[in-house]
Amino acid sequence: DAGITQSPRHKVTETGTPVTLRCHQTENHRYMYWYRQDPGHGLRLIHYSYGVKDTDKGEVSDGYSVSRSKTEDFLLTLESATSSQTSVYFCAISDIYVASEQFFGPGTRLTVL
Amino acid sequence: QQQVKQSPQSLIVQKGGISIINCAYENTAFDYFPWYQQFPGKGPALLIAIRPDVSEKKEGRFTISFNKSAKQFSLHIMDSQPGDSATYFCAAGPGAGNNRKLIWGLGTSLAVNP
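We now examine the environment of B:Ser74. Residue and element names in this part refer to chain B. Inspection of the secondary structure assignment puts Ser 74 in strand β8 (residues 72–77). Classification of Ser 74 as buried rests on a relative accessible area of 9%. Linking Ser 74 and Tyr 32, residues 42 residues apart in sequence, is a C-alpha distance of 13 Å. In this view, Ser 74 contacts Ile 21, Asn 22, Trp 35, Thr 63, Ile 64 and Ser 65; residues no more than four positions away in its chain are not counted. Within the local environment of Ser 74, its side chain forms a polar contact with the side chain of His 76, the two groups lying 3.2 Å apart.

Here you go:
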């Protein structure tokens, strides 16, 4: 987890409220990713970024938005949280020079009641 | 839809035995195949990775075998230890270009009995 922090680490919220998760890296890596992990579904990509202000959708992007205004921070926003978004969220980073090798953060456990 | 199919879903091995996890991919353009290890409450961590120009890569007790013609790769854990008990994920993706997305298997839960 060195060089990648996620905040908050745990959050409980209510349906319909907006939620923002933060990923912060100190590695100056170009690529950043947001995944969710659910039992039986493995890791599913929500959004990723290939540079400041450059983002693209993953396979489960509905209900999520992202922003990256500087290299070190990648924010994931649940615009109106639903119970189906209860999950563990992982941020990952990768460097342009080392293929697709991804390094993961410690995760955020989000519960939507 | 691109997929990476991983098997088995769960695996129980005795201490000292060999653990084998298999993955199959579809996209022949993929040229990077990593394995990740995840302990409960932690993020996945890169264990070992291979490119298709070699058929095998070994790091300590962990070996990746790669069969390009069959589009399959596998992880072998030799002399399995209780500390190896974790969930293992395979993945596949491009090694270059702007699209650095990995396609993930669903994971294998490994339990090594003492």
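This part covers a nonpolar patch on the surface. All names here are of chain B. Judged by side-chain polarity, Ile 18, Ile 20 and Met 78 come together as a nonpolar surface patch covering roughly 240 Å² of accessible area. Turning to its location among the elements, Met 78 is positioned in the loop between β8 and β9 (86–92). By relative accessible area, which is 35% here, Met 78 ends up partly exposed.

Here the focus is the state of the cysteines. Throughout this description, disulfide means a covalent bond between two cysteine sulfur atoms. Evaluated as defined, the whole model comprises two disulfides over all chains. Here A:Cys23 is linked by a disulfide to A:Cys91, with a sulfur-sulfur distance of 1.9 Å. Where A:Cys23 bonds to A:Cys91 through sulfur, the torsion about that S-S bond is close to -70°, and the disulfide is left-handed. Of this pair, A:Cys23 sits in strand β3 (residues 19–25) while A:Cys91 sits in strand β9 (residues 87–94), and the two are 68 residues apart along the sequence. When sorted by exposure, A:Cys23 lands in the same class as A:Cys91, which is buried. For B:Cys23, the disulfide goes to B:Cys90, at an S-S distance of 1.8 Å. Residues B:Cys23 and B:Cys90 are joined through a disulfide that is left-handed, its torsion about the S-S bond being -95°. Of the two residues, B:Cys23 is situated in strand β3 (residues 19–25) and B:Cys90 in strand β9; the sequence distance between them amounts to 67 residues. Here B:Cys23 and B:Cys90 have matching classes, each one buried.

Right, let's talk about the sheet that holds β3(A) for a bit. All names here are of chain A. In spatial order, the strands read β1-β3-β8-β7; together these four strands make up an open sheet with antiparallel pairing. Among the strands making up the open sheet, the edge pair consists of β1 (4–7) and β7 (64–70). For this sheet, the mean angle separating the axes of adjacent strands, direction not counted, is 20°. Where β3 lies against strand β8 (residues 73–78), six bridges are found, and the strand directions are antiparallel.

A word on the packing of aromatic side chains. All names here are of chain B. One pass over the full model with this rule turns up 17 aromatic pairs over all chains. Pairing Phe 33 with Phe 66 gives two aromatic rings, centres 4.8 Å apart and planes at 45°, and the pair type is tilted. With Phe 33 in strand β4 (residues 33–38) and Phe 66 in strand β7 (residues 62–67), this pair connects stretches of sequence that are 33 residues apart. In this pair, the class of Phe 33 matches that of Phe 66, namely buried.

This part covers unusual backbone geometry. Omega for the peptide link from A:Ser7 to A:Pro8 comes to -10°, which places this bond in the cis form. Structurally, A:Pro8 is set in the loop between β1 and β2 (10–13). Cis rather than trans, the peptide bond between B:Ser7 and B:Pro8 has omega equal to -5°. When you line up the elements, B:Pro8 lands in the loop between β1 (4–7) and β2 (10–14).

How big an interface is tends to be stated in terms of the accessible area lost upon association of its parts. Of the residues lining the interface, 23 residues belong to chain A; the matching set on chain B comes to 20 residues. Taking both partners together, chain A and chain B bury about 1,800 Å²; carbon and sulfur atoms supply 52% of that area. At the boundary of chain A and chain B, one finds zero salt bridges. Our enumeration of links across chain A and chain B arrives at three residue pairs in polar contact (both at pLDDT 80 or more). By residue number, the principal contributor to the side of chain A that touches chain B is strand β5 (residues 42–51) of chain A, which donates five residues. Looking at side-chain class alone, the side of chain A that touches chain B contains twelve nonpolar, seven polar and four charged residues.

Criteria and thresholds
Residues numbered from 1 in each chain as written. Chains lettered and ligands numbered in written order. Predicted model: local features only at pLDDT ≥ 70, side-chain atom pairs only at ≥ 80, totals over all residues. Heavy atoms only, no water. Helix = DSSP H or I, 4+ residues; strand = E, 2+ residues; numbered from the N terminus. Buried < 20%, exposed > 50% of the residue type's maximum accessible area, 1.4 Å probe, protein only. Contact = heavy atoms within 4.5 Å. Polar contact = N/O pair within 3.5 Å; in protein donor to acceptor, adjacent residues only side chain to side chain. Patch = residues over 30% accessible without salt bridge, like charges linked within 9 Å, V, L, I, M, F, W, Y side chains within 5 Å. Areas by Shrake-Rupley, 256 points an atom, 1.4 Å probe, with all protein chains shown as cover. Salt bridge = Lys/Arg side-chain N within 4 Å of Asp/Glu carboxyl O. Disulfide = S-S within 2.5 Å. Pairing = 2+ DSSP bridges. Axes fitted to C-alpha atoms, helices over the stretch in contact; angles between N-to-C directions. Phe/Tyr/Trp six-rings, centres within 6.5 Å; stacked < 30°, edge-to-face > 60°. Buried area = accessible area lost by both parts, 1.4 Å probe. Nonpolar A, V, L, I, M, F, W, Y, C, P; charged D, E, K, R; others polar.

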